Every structure is written in C-alpha cells, then in structure tokens.
Amino acid sequence: MKFKFKKRIKAWLISASISASITANFKEAEQNDKARSTHALLVFQDIYEQERQMKDLTVEQRQALRQEVILPKLQALHAWMIKEYQAVTPTSPIGKALS
C-alpha cells in the first residue's frame, strides 16, 4: 500500500501551500465518514491558520516555524491516516481521501 501523502507533505513544505484538492477529498468524504473527515479537515484548518499567522514573517522565519510547528502536525496526521486507512474500504470516499 503506497501513500501519496508523504509526497504531498514534501511538496507542501517546498511550496508553502496545501493543495485544495487534499481538503476537497475529505470534504467529499464527509457524507461517508463524518468523524474521520472532520478530524482531517480540522488539522488542515489549524495548519491554514498557522500559515495565516506567519504571513508577515521572513522566508527564513516561516521555514523554521513550518519545521517546528507544522511538520509535526503533518507527521501526526500522516500516521493517523495510515492507521485509519486500514479500517476503511479503499474505494470508499474516505478511503480515497486517506490514500
């Protein structure tokens, strides 16, 4: 089982943005599995808020804060996604969002 999320984390850290398609997948899955979708969306919402708070910082300061504050949240989300993926049907909307 391959997870695209590690690639997404790397791309996000490089570009300093989270793809809207990631959150869109979880929004689409809300009707299928509200609890899991809500958990993921709240984590992304928290990360978006962290980014908004960093908008006036220098590039170096933002990079340091992303490594210190945001990366651990993404790593925890990734671990949660791996665990939860094992409990869902891979072809379900939440399964697709988690993959």
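Rules used in this analysis
- Residues numbered from 1 in each chain as written.
- Predicted model: local features only at pLDDT ≥ 70, side-chain atom pairs only at ≥ 80, totals over all residues.
- Heavy atoms only, no water.
- Core = buried A, V, L, I, M, F, W, Y, C linked by side-chain atoms within 4.5 Å.
- Buried < 20%, exposed > 50% of the residue type's maximum accessible area, 1.4 Å probe, protein only.
- Helix = DSSP H or I, 4+ residues; strand = E, 2+ residues; numbered from the N terminus.
- Contact = heavy atoms within 4.5 Å.
- Lys, Arg positive; Asp, Glu negative; His and termini not counted.
- Salt bridge = Lys/Arg side-chain N within 4 Å of Asp/Glu carboxyl O.

> Help me understand the nonpolar core, please; the structure alone is not making it clear to me.
Grouped burial of nonpolar side chains is what soluble globular proteins tend to show. Ranked by internal contacts, the top residues of the largest apolar core, which has 19 residues, are Phe26, Leu77 and Leu98. Looking at this core, the elements that each hand over two or more residues are helix H2 (20-28), helix H3 (34-53), helix H4 (59-85) and helix H5 (93-98). With six residues, the single largest contributor to this core is H4. If we skip the residues at most four places from it in the chain, Phe26 touches Ser37, Ala40, Leu41, Phe44, Met81, Ile94, Ala97 and Leu98.

> What am I meant to see in the side chain of Arg62 here?
Take Arg62: it is sitting in helix H4. Buried within the structure, Arg62 lacks any salt-bridge partner; its nearest side chain of opposite charge belongs to Glu51, at an N-O separation of 5.7 Å. Residues in contact with Arg62, not counting those within four places in the same chain, are Met54, Lys55 and Leu57.

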